[in-house]
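The lines below spell out each chain.
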Amino acid sequence: MHKIPVTVITGFLGAGKTTLLRHLLQNNQGKRIAVLVNEFGEIGIDGELLRSCQICDEEDNPNDNIVELTNGCLCCTVQEEFYPTMQELLKRRDKIDHLVIETSGLALPKPLVQAFRWPAIRNSATVDGVVTVVDAKALAEGTMVGDLEALEAQRQADPNLEHETPLEELFEDQLGCADLVLLTKTDLVNDDGLEKVTSYINSELPSGVKIVACNEGEISPDILLGFNAAVEDNLDSRHSHHDHEAEHDHDDDINSIELICDRAFDPKSLTEQLQKLVQEEEIYRIKGFVSVPDKSMRLVLQGVGNRFDTFYDRLWSTEETRQTRLVFIGRNLTDESINMFMNA
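Asker: For the packing of helix α11 (residues 267-280) against helix α12 (residues 335-342), give the residues involved together with the corresponding values.
Answerer: Across the interface, α11 lies against α12 with an axial gap of 10 Å and an inter-helix angle of 140 degrees. Overall, the two elements α11 and α12 adopt an arrangement that is oblique. For the pair α11 and α12, the sense of crossing is right-handed. Between α11, through Leu270, Gln273, Leu274, Lys276, Leu277 and Glu280, and α12, the contact on the second element is made entirely by Ile338, Phe341 and Met342. A breakdown of the residues in the contact of α11 with α12 according to their chemical character gives six nonpolar, one polar and two charged.

Spelled out as structure tokens, the structure:
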């Protein structure tokens, strides 16, 4: 059976993780999404919303789809509670298209990802990507956390919390492990403040990781899911201390462009061409199918930032036209700019 792709959503208390999760479940595009949360969010997830994830049968309790880890920070209790929880979820893998883990606001992301190296888990699940949610208003004010008192209270009230990581280091760890950064509450920051926030975040991010403004959790699942990063296999490249526009009411300016052509491409040359395009345009994702000269199989291509993955998935059928079909997801993309670059 296939491995269940897992998206880890990390970020401080109040940054907007749960709001993002609600929007994802409400706009799941038919995917059966299971949810594992480490704390009660500022906006609860009710049974009616959980039914939309399509994992439970009618007679099942919809609340079984969401697992609250209440005995402390996920990264510190991973051996005591995370392992048996994952084992239960993996028993239902035939009903799950994607698993989303919302970590505690105090969780270190890297130890959680390391748990996916355990043989009993890595054979059945893989970390598709890590999404770090950042409160732009708090960061612009120099606090990183919207409600510092609430976060400190959370730290003091948790008897299982073993690490006393300074918030600055924890924040840098969250950024260093990210495949994507979602910047929330940008409407509450002026142009100068947003520029400084973005510049600081970029200085802490691995090469190629994008920052996307996100208001009220409203962002396309196509951007959040499907990184295929296999994060557990490249943790050494993710730093850890422990081992746009000012306003976006919606993501209306995030769009997708589909390129369809009868041309065949050499995979290496095409990847190099797309890497140049990513430098020219604000592109977050590239995915699709490629016709390769003298190959009877269809090539699947997926790109995130500067990283591209390709593999052959099946033979071209006799009934279909051999075409290259790529979808580009980014900000203010136009058919002209994509076609002009690809035909250069």
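Asker: So what's going on with the nonpolar core? Which residues, and what values?
Answerer: Grouped together as the largest cluster of nonpolar side chains are 47 residues, with contacts concentrated most on Met86, Leu99, Phe116, Leu182 and Leu224. With 20 residues, the next largest nonpolar core counts Ile257, Phe265, Leu301 and Ile338 among its residues.

Asker: If you had to explain the packing of helix α8 (residues 167-176) against helix α9 (residues 191-204) to someone new, which residues and values would you point to?
Answerer: With their axes 9 Å apart at the nearest point, α8 and α9 run at an angle of 70 degrees to one another. Taken together, α8 and α9 sit at an angle that is classed as roughly perpendicular. Only Tyr200, Ile201 and Glu204 of α9 make contact with α8, whose side of the interface consists of Phe171, Glu172, Leu175 and Gly176. A class-by-class count of the residues in the contact of α8 with α9 yields four nonpolar, one polar and two charged.

Asker: Lay out the side chain of aspartate 179 with the relevant residues and their values.
Answerer: Tracing the chain through its elements places aspartate 179 in the loop between α8 and β6 (180-184). For aspartate 179, a relative accessible area of 6% puts it in the buried group. Among the polar contacts listed, one links the side chain of aspartate 179 to the side chain of arginine 238, at a separation of 2.9 Å.

Asker: Please provide a residue-by-residue account of α11, values included.
Answerer: In a regular helix each residue adds 1.5 Å, so 14 residues correspond to 20 Å; α11 covers 20 Å between its end C-alpha atoms and thus fits that length. Taken together, the buried positions of α11 are Leu270, Thr271, Gln273, Leu274, Leu277 and Val278. The arc that holds every buried residue of α11, seen down its axis, measures 165 degrees, which confines them to one face. Those residues of α11 that are exposed and angled more than 90 degrees off the buried face are Lys268, Lys276, Gln279 and Glu280.

Asker: Report on the pairing of strand β2 (residues 33-37), specifying residues and quantitative values.
Answerer: Two faces make up the sheet, and in a regular strand the side chains alternate between them. Taking burial as the measure, the five residues of β2 include five buried ones, the bulk of the element. Every second residue of β2 is oriented toward a common face, with Ile33, Val35 and Val37 on one face and Ala34 and Leu36 on the other, all of them buried. As defined by bridge partners, β2 adjoins strand β4 (residues 98-102) across five bridges and the pair is classed as parallel. Bridge pairing in β4 links leucine 36 to isoleucine 101.

Asker: Talk me through the pairing of strand β1 (residues 4-10); I want residue IDs and the actual numbers.
Answerer: Most of β1 sits inside the fold, with seven of its seven residues counted as buried. Burial of the side chains of β1 extends over both faces: Ile4, Val6, Val8 and Thr10 are buried on one face and Pro5, Thr7 and Ile9 on the other. Sheet topology note: the β1/strand β5 (residues 125-135) ladder contains seven bridges and is parallel. Within β5, the residue paired with isoleucine 9 across the bridge is valine 131.

Asker: Please provide a residue-by-residue account of α9, values included.
Answerer: Its 14 residues place the ends of α9 20 Å apart at the C-alpha level, agreeing with the 20 Å of an ideal helix rising 1.5 Å per residue. Among the residues making up α9, those that are buried are Gly193, Leu194, Val197, Thr198 and Ile201. Viewed along the axis of α9, the buried residues span an arc of 130 degrees, placing them on a single side of the element. For α9, the exposed residues set more than 90 degrees away from the buried face come down to Asp191, Glu195, Lys196 and Ser203. N-cap assignment for α9: the residue whose side-chain oxygen lies 3.3 Å from the backbone N of aspartate 192 is asparagine 190.

Asker: Give me the lowdown on unusual backbone geometry, citing residues and values where you can.
Answerer: Located in the positive-phi region is glutamine 29, a residue other than glycine, with phi close to 55 degrees. With respect to the secondary-structure elements, glutamine 29 resides in the loop between α1 (17-26) and β2. Backbone geometry places glutamate 216, a non-glycine residue, at a positive phi of 55 degrees. Along the chain, glutamate 216 turns up in the loop between β7 (210-213) and α10 (221-224). Taking relative accessible area as the criterion, glutamate 216 reaches 55% and is therefore assigned exposed.

Conventions adopted
- Residues numbered from 1 in each chain as written.
- Predicted model: local features only at pLDDT ≥ 70, side-chain atom pairs only at ≥ 80, totals over all residues.
- Heavy atoms only, no water.
- Axes fitted to C-alpha atoms, helices over the stretch in contact; angles between N-to-C directions.
- Helix = DSSP H or I, 4+ residues; strand = E, 2+ residues; numbered from the N terminus.
- Parallel < 35°, antiparallel > 145°, perpendicular 65-115°, else oblique.
- Left-handed = near helix turned anticlockwise from the far one by under 90°.
- Contact = heavy atoms within 4.5 Å.
- Nonpolar A, V, L, I, M, F, W, Y, C, P; charged D, E, K, R; others polar.
- Core = buried A, V, L, I, M, F, W, Y, C linked by side-chain atoms within 4.5 Å.
- Buried < 20%, exposed > 50% of the residue type's maximum accessible area, 1.4 Å probe, protein only.
- Polar contact = N/O pair within 3.5 Å; in protein donor to acceptor, adjacent residues only side chain to side chain.
- Expected span 1.5 Å × (residues − 1).
- Arc of directions from axis to C-beta.
- Pairing = 2+ DSSP bridges.

Remember that the coordinates give geometry; whether it matters functionally is a separate question.
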